[in-house]
Amino acid sequence: MSSAQDPFYIVREEIQDSIDKLQSTFHRWEQTASNTGEYVHLTKEILTSCESIEWQVDELEKTISVASRDPAYYGLDEVELSRRRNWTGSARKQVGTVKRAIEKGKSNAATSKYQDTSRTNQYSAQDNDDFISSESDRQLLLMRQQDEELDELSESVQRIGGVGLTIHEELSGQERILNDLSLEMETTSNRLDFVQKRVAMVMKKAGIKGQIMLIAFLVVLFIILFVLVFLT
């Protein structure tokens, strides 16, 4: 199976796109002041993306675990399995690094917010009203943007979940086929043993002359069948 047709690479591409978008958003977050509404919005967006990507990587690792039970059946080898495990490990590490940085930033932002609040108490009532009104409008805009991005993220998760379900169904179907084939082979083997025993009994009872006649009959029968199958 080529990389373009392998469900693993299809899902991996989806996850990599999500990681690239996460890294881009993280860079924006690093350059945003912690006392702004945009900073809060980006923090929530990044944490949501981290959880989604971690779930996707978990599902991908489950398919690798299934394939590792019988690599040859799925056209894989240990080198390919190792390469896939290394990629999922790397993806998980990238997400973990971003997530830890965000959580640390949230802690620092909370401290900074407390300090800012103390200073804000010194402002006049009119200045506070203007600030709250402006900040409220910005928060509403950011919340709408966040809802749209979460909808897009939800659609991506659903697509990946569908691919994972398809992989599971395909594996289950192939396992059933193998079980049926194994049962048919066992049944055929038992029938062949029975026929061999009956032929041996007939040959033993027939004696030398009978055996020669039986062999001659089988040869003639084989020739007739050969002519019927290949020459007609």
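The present account deals with the structure reproduced in this document. (Residues numbered from 1 in each chain as written. Predicted model: local features only at pLDDT ≥ 70, side-chain atom pairs only at ≥ 80, totals over all residues. Heavy atoms only, no water.)

Tallying secondary structure elements over the protein gives 4 helices and 0 strands in all. Each helix and strand of the protein, ordered N terminal to C terminal, gives the series α-α-α-α. Expressed as a percentage of the 232 residues in the protein, the buried residues total 25%. Across the protein, the fraction of contacts at a sequence separation of at least 24, relative to all contacts at a separation of at least 6, is 74%. Here the protein has roughly 16500 Å² of accessible surface; of this, 57% comes from carbon and sulfur atoms. (Helix = DSSP H or I, 4+ residues; strand = E, 2+ residues; numbered from the N terminus. Buried < 20%, exposed > 50% of the residue type's maximum accessible area, 1.4 Å probe, protein only. Contact = heavy atoms within 4.5 Å. Areas by Shrake-Rupley, 256 points an atom, 1.4 Å probe, with all protein chains shown as cover.)

Attention shifts here to the side chain of Thr25. Tracing the backbone shows Thr25 in helix α1 (residues 7-30). Sequence-distant contacts of Thr25, defined by excluding residues within four places in its chain, comprise Leu42, Glu45 and Ile46.

With respect to the helices and strands, the residue Ser65 is situated in helix α2 (residues 37-68). Its relative accessible area of 36% is what places Ser65 among the partly exposed residues.

Attention now goes to α1. Look at α1: 35 Å from first C-alpha to last across 24 residues, which is about the 34 Å you get at 1.5 Å a residue. Listing the buried residues of α1 in full gives Pro7, Phe8, Tyr9, Val11, Ile15, Ser18, Ile19, Leu22, Thr25, Phe26 and Trp29. (Expected span 1.5 Å × (residues − 1).)

Residues Ile15, Leu22, Trp29, Ile46, Ile53, Val98 and Ile102 are the most contacted members of the largest nonpolar core, which totals 26 residues. Among the secondary structure elements, those contributing two or more residues to this core are α1, α2 and α3 (78-120). Here this core takes 10 residues from α2, the largest share from any one element. Not counting residues within four places of it along the chain, the set of residues in contact with Ile15 comprises Ile53, Gln56, Val57, Leu60 and Trp87. (Core = buried A, V, L, I, M, F, W, Y, C linked by side-chain atoms within 4.5 Å.)

With that settled, consider the pattern of salt bridges. Counted by the stated rule, this structure contains 9 salt bridges. For Arg28, the salt bridge identified is with Glu38, shortest N-O distance 3.7 Å. Placement of the pair is Arg28 in helix α1 and Glu38 in helix α2, with a sequence separation of 10 residues. A salt bridge links Glu54 to Lys99, with the shortest nitrogen-to-oxygen separation between them at 3.4 Å. Here Lys99 lies in helix α3 and Glu54 lies in helix α2, a separation of 45 residues in the sequence. The partly exposed category is assigned to Lys99, whose relative accessible area is 21%. It is possible to trace a salt-bridge network through shared partners that takes in Asp58, Glu61 and Arg92. (Salt bridge = Lys/Arg side-chain N within 4 Å of Asp/Glu carboxyl O.)

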